[in-house]
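Here is what each chain is made of, one letter per residue.
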Amino acid sequence: MDQDAALIRLAVLGNPVKHSHSPWIHSRFASEAGLDVDYSAIEVDADHLSRVLLKLADEGARGCNLTLPHKQEAFKLANRAGDSARIPGSANTLVFESPSRWRAENTDGPGLVQDVLHNHSISLAERSVCVLGAGGAAAGILYDLLLQRPANLTLLNRNPERAKALAQRLEAHGRIQAGGLNATAVPGGFDLLIHATAAGHRGTGPVLSDDLFATDAVCYDLNYGAAHEELSLWCSERGITCHDGLGMLVEQAAASFEIWTGYRPQSLPVIEALRDRVG
Ligand code: NDP
């Protein structure tokens with residue numbers, strides 16, 4: 001019998017990607033599921049993405065994750081897509097249904113919602129929600145946020161035109177108010193601010209202002225580790241609860257793992273262990 005027959009080959013493709021926690025997370029999931037999984041991190045630039053994907057699919061890989069800067073291009077290369085990828089036009093997960101038939105999915109939104117709703121017990125329905133940032137990560141979460149029926153959803157970005165274009169892309173699925181970072185908040189402020197900018201990686205300081213927050217508002221930062229520190233400090237100085245994005249990272253991985261294998265791993269122990277690991 002072919003010893004590799006049961007081996008499930010997966011990967012994450014990005015640039016840079018060596019910092020990625022995904023191989024470690026998926027090895028934890030694989031142990032729990034009792035599956036033989038080889039999940040590697042492959043650094044690839046935009047010019048070589050399609051060639052590397054073709055090779056992976058051809059060699060029998062079951063699928064892959066995509067991180068910066070490949071989410072939009074991966075979506076375009078797929079033959080078909082689930083709503084969570086089709087609506088934003090970006091994929092963090094590809095499923096190689098055959099070497100030439102690829103399905104795009106995006107588990108960032110489901111991952112965020114799972115972490116917010118279930119791990120942090122923050123309800124979204126009928127709440128005023130604001131997303132800061134209109135890059136790939138924001139694009140991947142807006143549709144799933146709309147599905148939770150917030151009272152209103154606002155998208156603010158340094159470049160307001162980018163926010164408006166993204167809101168327009170989603171308009172068939174719900175109304176999103178879009179503007180620049182200095183736009184005024186809804187009366188009374190937002191109940192939940194989701195920070196989805198890359199500012200934390202650049203050491204330029206948090207992009208939030210006090211008047212955005214309602215009384216008892218909560219902040220959720222997609223960033224974690226060092227990129228989360230400034231915002232975490234800014235919030236704690238104001239008595240605002242601020243969660244980092246480690247839970248989302250594990251939850252989006254769990255959703256991808258389930259898509260590829262049919263097995264839904266337990267995410268909470270992995271989030272805890274990853275928190276110890278990241279420090
Ligand atoms: P993109 O590069 O696609 O977008 C970057 C966004 O950040 C844009 O909205 C950009 O605004 C904004 N931005 C960058 N620098 C600044 C600044 N100094 N001040 C204000 N706004 C700024 O990145 P992604 O959307 O893919 O990722 C955003 C963050 O989310 C990253 O830090 C990433 O690590 C994190 N992330 C976390 C995930 C998780 O699972 N926890 C999953 C995916 C991402 P503009 O358009 O004006 O340039």
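Here, the structure is the one placed above.
Chemist: Residue-level account of the site of the ligand, with values.
Modeler: Ala 137, Asn 157, Arg 162, Leu 222 and Asn 223 are the nearest of the 25 residues found near the ligand. The separation between an oxygen atom of the ligand and a polar main-chain atom of Gly 135 is 3.4 Å. At 2.8 Å from an oxygen atom of the ligand is found a main-chain nitrogen or oxygen belonging to Ala 137. Compared with its free state, where it exposes 930 Å², the ligand has 85% of that area covered by protein. Given that more than half its atoms are within 2 Å of the pocket grid, the ligand belongs to the largest pocket.

Chemist: Go over the sheet that holds strand β5 (residues 93-98), please, and point to the residues and values.
Modeler: Taken in spatial order, the six strands make up an open sheet running β2-β1-β3-β5-β6-β4, and their pairing is mixed. In this open sheet, the two strands that pair with only one neighbour each are β2 (37-43) and β4 (80-81). Sheet topology note: the strand β1 (residues 8-14)/strand β3 (residues 63-66) ladder contains two bridges and is parallel. Looking at the pairing, Val 12 lines up with Asn 65 of β3. Packing of helix α1 (residues 22-33) onto the sheet brings it into contact with β1, β2 and β3, and relative to β2 it is tilted by some 170°. Against the sheet, helix α10 (residues 246-261) contacts β1, β2, β3, β5 and β6 (101-105), and its axis sits at roughly 5° relative to β5.

Chemist: So what about empty space enclosed by the protein? Which residues, and what values?
Modeler: Counted under the stated rule, the structure contains one cavity of 30 Å³ or more. Volume-wise, the largest cavity comes out at about 50 Å³. Around the largest cavity, the lining residues are His 195, Ala 199, Gly 200, Gly 205, Pro 206, Val 207, Ala 227, Glu 230 and Leu 231. Secondary structure elements with two or more residues in the lining of the largest cavity: α8 (199-202) and α9 (226-237). The dominant element in the lining of the largest cavity, judged by the number of residues it contributes, is α9, at three residues.

Chemist: Can you break down unusual backbone geometry residue by residue, with the values?
Modeler: Between Asn 15 and Pro 16 the backbone carries a cis peptide bond, its omega angle lying at 5°. Topologically, Pro 16 is positioned in the loop between β1 and α1. Following Leu 68, the chain continues into Pro 69 via a peptide bond in cis, with omega recorded as 0°. With respect to the helices and strands, Pro 69 occurs in the loop between β3 and α3 (71-77). The backbone of Glu 126 sits at a positive phi, close to 65°, despite the residue not being glycine. Position of Glu 126 among the secondary structure elements: in the loop between α5 (108-119) and β7 (128-132). We classify Glu 126 as exposed; its relative accessible area is 60%.

Basis of the calculations
Residues numbered from 1 in each chain as written. Predicted model: local features only at pLDDT ≥ 70, side-chain atom pairs only at ≥ 80, totals over all residues. Heavy atoms only, no water. Near = heavy atom within 4 Å. Polar contact = N/O pair within 3.5 Å; in protein donor to acceptor, adjacent residues only side chain to side chain. Areas by Shrake-Rupley, 256 points an atom, 1.4 Å probe, with all protein chains shown as cover. 1 Å grid on protein atoms, 1.4 Å probe; cavity = no way out; pocket = protein on both sides within 12 Å on 5 of 7 lines; lining within 4 Å. Sits in = over half its atoms within 2 Å of the grid points. Pairing = 2+ DSSP bridges. Helix = DSSP H or I, 4+ residues; strand = E, 2+ residues; numbered from the N terminus. Contact = heavy atoms within 4.5 Å. Axes fitted to C-alpha atoms, helices over the stretch in contact; angles between N-to-C directions. Points joined across faces, edges and corners; volume = space filled by probe spheres on them. Buried < 20%, exposed > 50% of the residue type's maximum accessible area, 1.4 Å probe, protein only.

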